Amino acid sequence: MKSLIWLFCCFVSIIGMGSVFADDVQIGEPFTVQIMGNANLDQVVDQQDIVFIQEIIGGTKEKTKLADANNDGIIDQADIEQINKIISGTEDTIFYVNLNDDVESVKHPLNNIIVVYDNTAEIIRILGAQDKVVGVDSMILEKSKYFPELSQLPSIGERKDCNVEKILELDPDAVFIHAKSESGCPDLEEKLKDKGIDVVRLGTWESHTAVPSLMLMAYMLDKVDRANQYVTYQEKYLNTIKERVAQIPEEKRLRVFIDRPGDTTTSKGSGYSESVEFAGGKNIAKNLAGGFQSVLPAVDSEWVVKENPEVIIGLSWDGGHETDDIDVLKKRYDEVVAKPGFSSIDAVKNNRVYITPYINVLGPGYHIGLVQFAKWLYPEQFGDLDVKIVQDEYMTNWQNLYFDLNNHGVFGYPVST
Ligand SMILES: [Ca+2]
Ligand SMILES: [Ca+2]
């Protein structure tokens, strides 16, 4: 448990850091695939980008930050050639914008890769690129039930302290890893310089980074069709939630408190707050500030009691695929309802306290958590959706994983339906 908390502390410390997506993309909104050559800043690289470049050259359009497909500082015919190569998959290099907002390059095609971070490994499975993976980090190794095959691969150690010797030994074309920061193996590029190994830094955990990164990785790994299919599949759920929530009058939207371990909560700008709001809840702590990146403020029980939320969603660091013990979530539930004064809160009096493992709304499968939140908040409007079916569909069709949800894993308390 302690090690998990520690893991999570490191995990949150990289969220949002230097993210190029966080400010301008919200759940369910169109995003920009951050590849140089995506001149019109939409979700694909196609003929329209060539038209766009021609218009820039002709002086009728302004240059955009992704227009310089070959990254040589000028917009000309060579960029059109590079875009044509990207479309046909024959480029030898891809230039892209990484999580640190730097323009980087990666060789193409990629045959062997190392994958760091569980959410990144999920994207690899969605794309159907598992056969390219030659090494993983210890986080994936520890999740042997969720990653039965990938967890058998050689480990490059902890993601905050990569074993460079091991990476060199595995000799991949590229390492997919999180943002450059103190905990993000900051010297990796330096140590792999001249070794023919590219470092690709992308955000894959928060809802608004996961899918744009998935699309970018699809270009790198030649899986664009598969990525488009996934986006279409996920949008179906996002649109359903959006449409139904839109029909709930403002005054009937429930006031929600997100109880984060350590007497903290999540405010505007955090993935959890965004998820609750997307599911139609009103996060009572939305405008509080404090904690990491000012989005994880500490709150005292007195304040929560005074606010009297109608629903409490408690985050748990435990639970998920690797345990079958519902008590890990029940313990957290008991802890939340026993807080000083909480027995007088409407959410507690009306049995509307729900515990969710943090993984439910993270990574490329974040729509599962959104469906769960929507169902917890508005069981009448979302009664026809079954979280287990959504989850099962995700694992079977997109994770290439058979996982018996009726007998294994814990994903919500008191109920995950
Ligand atoms: Ca485009
Ligand atoms: Ca150029």
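All of these numbers come straight from a predicted model, not from anything done at the bench. (Residues numbered from 1 in each chain as written. Chains lettered and ligands numbered in written order. Predicted model: local features only at pLDDT ≥ 70, side-chain atom pairs only at ≥ 80, totals over all residues.)

A few words now on the overall build of the protein. Along its length, the protein carries 15 helices and 12 strands. The globule rule puts the C-alpha radius of gyration for 417 residues at 22 Å, and the 22 Å found for the protein is close to it. For the protein, the proportion of its 417 residues judged to be buried stands at 47%. For the protein, the proportion of contacts with a sequence separation of at least 24, taken over those separated by at least 6, is 63%. (Helix = DSSP H or I, 4+ residues; strand = E, 2+ residues; numbered from the N terminus. Rg over C-alpha atoms; globule rule 2.2 N^0.38 Å. Buried ≥ 20, exposed ≤ 12 C-beta atoms within 10 Å, placed from the backbone. Contact = placed C-beta atoms within 7 Å.)

Let's shift gears to the packing of helix α8 (residues 207-220) against helix α9 (residues 224-246). Working note: a packed helix pair is described by the angle between its axes plus the distance between those axes. Relative orientation of the contacting elements α8 and α9 amounts to 160°, with a least axis distance of 8 Å. For the element pair α8 / α9, the angle class is roughly antiparallel. The chirality of how α8 crosses α9 is left-handed. Mapping the contact onto sequence places Val211, Leu214, Met215, Ala218 and Tyr219 in α8 and Val224, Arg226, Ala227, Tyr230 and Val231 in α9. Classifying every residue of the contact of α8 with α9 by side-chain character gives nine nonpolar, no polar and one charged. (Axes fitted to C-alpha atoms, helices over the stretch in contact; angles between N-to-C directions. Parallel < 35°, antiparallel > 145°, perpendicular 65-115°, else oblique. Left-handed = near helix turned anticlockwise from the far one by under 90°. Nonpolar A, V, L, I, M, F, W, Y, C, P; charged D, E, K, R; others polar.)

Moving on: the packing of α9 against helix α14 (residues 367-377). Their axes nearest at 10 Å, the elements α9 and α14 cross at an angle of 25°. Overall, the two elements α9 and α14 adopt an arrangement that is roughly parallel. When you trace α9 past α14, the crossing you get is left-handed. Facing Gln234, Tyr237, Leu238 and Ile241 of α9, the residues of α14 in contact are His367, Leu370, Val371 and Ala374.

This part takes up the domain arrangement of the protein. What the domain assignment lists for the protein is domain 1 (1-19 + 98-222), domain 2 (35-94) and domain 3 (250-398). Computed over C-alpha atoms only, the centres of domain 1 and domain 3 are separated by 28 Å. Facing 21 residues of domain 1, the contacting portion of domain 3 comprises 17 residues. At the level of secondary structure, the elements contributing two or more residues to the side of domain 1 that touches domain 3 comprise α1 (2-14), α4 (118-127) and α8. (Domains from an automatic or database assignment.)

Below, the discussion takes up the sheet that holds strand β4 (residues 133-136). Spatially, four strands are ordered β4-β3-β7-β8 in an open sheet, and the strand pairing comes out parallel. Of all strands in the sheet, those bounded by a partner on one side alone are β4 and β8 (198-201). In this sheet, adjacent strand axes meet at a mean angle of 25° when their direction is disregarded. In the sheet, strand β7 (residues 174-177) pairs with β8 via four bridges, with the strands oriented parallel. Bridged to Phe176 within β8 is Val200. Sheet contacts for α4: β3 (113-115), β4 and β7; angle to β3, the most-contacted strand, approximately 130°. (Pairing = 2+ DSSP bridges.)

This brings us to the pairing of strand β1 (residues 93-97). With four of its five residues buried, β1 lies for the most part within the structure. Relative to strand β2 (residues 103-107), β1 runs antiparallel, the two being bridged by five bridges. Across the sheet, residue Tyr96 finds its bridge partner in β2, namely Glu104. Between β1 and the antiparallel strand that follows it, β2, lie five residues; Asp101 among them carries a positive phi value of about 70°.

Those residues of helix α12 (residues 327-337) lying buried are Leu329, Arg332 and Val336. Down the axis of α12, the buried set is contained in an arc of 60°. They therefore lie on one face. Of the surrounding elements, those touching the buried residues of α12 are β9 (255-259), β11 (311-316) and β12 (353-357). (Arc of directions from axis to C-beta.)

Okay, unusual backbone geometry next. If a residue is not glycine, its phi is most likely negative; likewise, a peptide bond is most likely trans. Cis geometry marks the peptide bond from His108 to Pro109; its omega dihedral reads 0°. The residue Pro109 is located in the loop between β2 and β3 in this model. In this structure, the amide linkage connecting Tyr413 to the following residue, Pro414, adopts the cis form with an omega of 0°. Counting through the fold element by element, Pro414 comes out in the segment after α15 (387-398). Even without a glycine there, the phi angle at Asn308 is positive, about 45°. When the 15 C-beta atoms within 10 Å are taken as the criterion, Asn308 is described as partly exposed.

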